[in-house]
Amino acid sequence: MIIDLPRFLATEQPFWTELEKILDRLQSHSRQPLPLEDAKRFHFLYQKVSADLGRITTFASEPALRSYLEALTARAYSEIHETRSSNTRFRPFHWFFREFPRVFRKHRHAFYLSLIITLIGCLFGGLATLLDPEAKSVILPEMFSPLLSDPSERVAMEEKTSGGTSSGEHSVFASELMVNNISVSIKALAFGMTYAFGTIILLFYNGVILGLVALDYIRAGQTIFLLGWLLPHGVIEIPAILIAGQGGLALGQTLIGHGDRTPLTTRLRTLGPDLTTLIGGVAVLLVWAGLIESFFSQYHSPVIPYSLKISFGFIELICLICLLCSGTEKAPTNSTPIVDKSTP
């Protein structure tokens, strides 16, 4: 191919310079998305420089020019095919108080289903202990062995020894609670890979335990103790596990993809950030619940009046509801493509 090099440079070099200026601007203002018209112009310049590189490739006498165009084309290609973060810094408060509630509401129908499954489990557990008092010894796992005793006897013992443990023991207990609850939550979400069957079983079983224990203490006339013991941490812990189940159910629905012809890989890629946000928010909630259960819920009357513990639990519940209902309805832009990759 014969090229009139001076004419070629005079004609094409302004486009190269313009593209280089755009690339420099993108590099120095990485958080600002490119406007649509500028993005179109950027893509046009990239195509033009690529064509110029193809024309100059066989022009052996200008290696420096070829290297320059190759570097310019490579930079433009990287920008076009990169998903640029709109904010490179992680903002934990914005994430927890805005993004987490937004994602929760986005999949709220899965949360409602998670709640219904758990309530059905509660009903089953309550009926089981009502019809057969020995059912709790069969249903409750070994880690709940203290609950196998008579509720009235356990309440008397708890009130007698309330506040008798050291702060070190409380810290160990809190860490064990966090690890166990977060593990259960991760399983609830991960079991969504079984098309949500595993998530449904786990939610149902948790509901069975909750219903069984609650009815057992209510029948024994220990409702006030139950509320004072359960509410301070339970109003956070139980919804957190339900939210983890919400993620598992959403994952199962995505895998099934009923009526959705979008490729499975695309559906999973779209859902992935939401699942990460949900389980991250659940972990934060469970850390708080673990601290409250160890350092507050385990103290009973007369050390801490039940009325105070119950009131604290309701305040927590109101705060949680406000949190999950907060944030903007419009999804923030987590990532903004520099240009439309579907553009030929």
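Structural data are supplied above this passage.
This report concerns the structure included in the present document.

Conventions adopted
- Residues numbered from 1 in each chain as written.
- Predicted model: local features only at pLDDT ≥ 70, side-chain atom pairs only at ≥ 80, totals over all residues.
- Heavy atoms only, no water.
- Axes fitted to C-alpha atoms, helices over the stretch in contact; angles between N-to-C directions.
- Helix = DSSP H or I, 4+ residues; strand = E, 2+ residues; numbered from the N terminus.
- Parallel < 35°, antiparallel > 145°, perpendicular 65-115°, else oblique.
- Left-handed = near helix turned anticlockwise from the far one by under 90°.
- Contact = heavy atoms within 4.5 Å.
- Nonpolar A, V, L, I, M, F, W, Y, C, P; charged D, E, K, R; others polar.
- Polar contact = N/O pair within 3.5 Å; in protein donor to acceptor, adjacent residues only side chain to side chain.
- Patch = residues over 30% accessible without salt bridge, like charges linked within 9 Å, V, L, I, M, F, W, Y side chains within 5 Å.
- Areas by Shrake-Rupley, 256 points an atom, 1.4 Å probe, with all protein chains shown as cover.
- Salt bridge = Lys/Arg side-chain N within 4 Å of Asp/Glu carboxyl O.
- Buried < 20%, exposed > 50% of the residue type's maximum accessible area, 1.4 Å probe, protein only.
- Core = buried A, V, L, I, M, F, W, Y, C linked by side-chain atoms within 4.5 Å.
- Phe/Tyr/Trp six-rings, centres within 6.5 Å; stacked < 30°, edge-to-face > 60°.

## Observations regarding the packing of helix α10 (residues 223–256) against helix α12 (residues 306–324)
Orientation of α10 relative to α12, taken along the N-to-C sense of each, is 20°, at an axis distance of 6 Å. Classified by the angle their axes make, α10 and α12 are roughly parallel. Remark: the crossing between α10 and α12 carries left-handed chirality. Along the contact surface, α10 presents Ile 224, Phe 225, Leu 227, Gly 228, Trp 229, Leu 231, Pro 232, His 233, Val 235, Ile 236, Pro 239 and Ile 243, while α12 presents Tyr 306, Lys 309, Ile 310, Phe 312, Gly 313, Phe 314, Glu 316, Leu 317, Leu 320 and Leu 324. When its residues are assigned to classes, the contact of α10 with α12 shows 17 nonpolar, three polar and two charged.

## Overview of the side chain of Gln 298
For Gln 298, the location among the structural elements is in the loop between α11 (264–297) and α12. Looking at Gln 298, its side chain comes within polar contact range of the main-chain oxygen of Glu 293, at 3.4 Å.

## Points about a nonpolar patch on the surface
The grouping of Leu 123, Leu 127, Leu 130 and Leu 131 at the surface amounts to a nonpolar patch, some 440 Å² of accessible area in total. In this structure Leu 123 comes out as exposed when scored by relative accessible area, which is 57%.

## Let's talk about the nonpolar core
Within the largest apolar cluster, 36 residues are counted, with the highest numbers of intra-cluster contacts made by Phe 100, Ile 243 and Leu 285. Counting residues per element, the ones that place at least two in this core are α4 (92–106), α5 (108–131), α8 (167–190), α9 (197–219), α10, α11 and α12. Among the elements that take part in this core, α10 stands out by supplying eleven residues, more than any other. Those residues in contact with Ile 243, other than ones at most four positions away along the chain, are Phe 100, Phe 104, Phe 111, Leu 278, Val 282, Leu 285 and Leu 324. Counting residues in hydrophobic clusters, the runner-up holds 21 residues, among them Leu 19, Leu 45, Val 49 and Leu 65.

## Here we look at the side chain of Asn 181
Residue position: Asn 181 is located in helix α8. Once residues lying within four places of it in the same chain are set aside, the contact partners of Asn 181 are Glu 237 and Leu 286.

## Things to note about unusual backbone geometry
A cis amide bond, omega 15°, links Ser 301 with the succeeding residue Pro 302. Inspection of the secondary structure puts Pro 302 in the loop between α11 and α12. The phi dihedral of Tyr 195 falls on the positive side, at around 60°, and the residue is not glycine. By the secondary structure assignment, Tyr 195 is in the loop between α8 and α9.

## With respect to the pattern of salt bridges
Summed over all chains, the structure comprises seven salt bridges. Residue Glu 18 pairs with Arg 41 through a salt bridge whose shortest N-O separation is 2.9 Å. Of the two residues, Glu 18 sits in helix α1 (residues 5–28) while Arg 41 sits in helix α2 (residues 36–56), which places them 23 residues apart along the sequence. Given a relative accessible area of 33%, Arg 41 falls into the partly exposed group. Where Glu 99 meets Arg 102, a salt bridge forms, and the shortest distance between an N and an O atom there is 2.6 Å.

## Comments concerning the packing of aromatic side chains
This model, assessed by the stated rule, comprises 15 aromatic pairs. Centre to centre, the rings of Phe 96 and Phe 97 are 5.2 Å apart; their planes meet at 85°, and the pair counts as edge-to-face. On the basis of relative accessibility, which here comes to 39%, the residue Phe 97 falls in the partly exposed class. Centroid distance Phe 104 to Phe 111: 4.9 Å. Interplanar angle 65°. Geometry classified as edge-to-face. Taken individually, Phe 104 and Phe 111 each receive the classification buried, so the pair is uniform in this respect.

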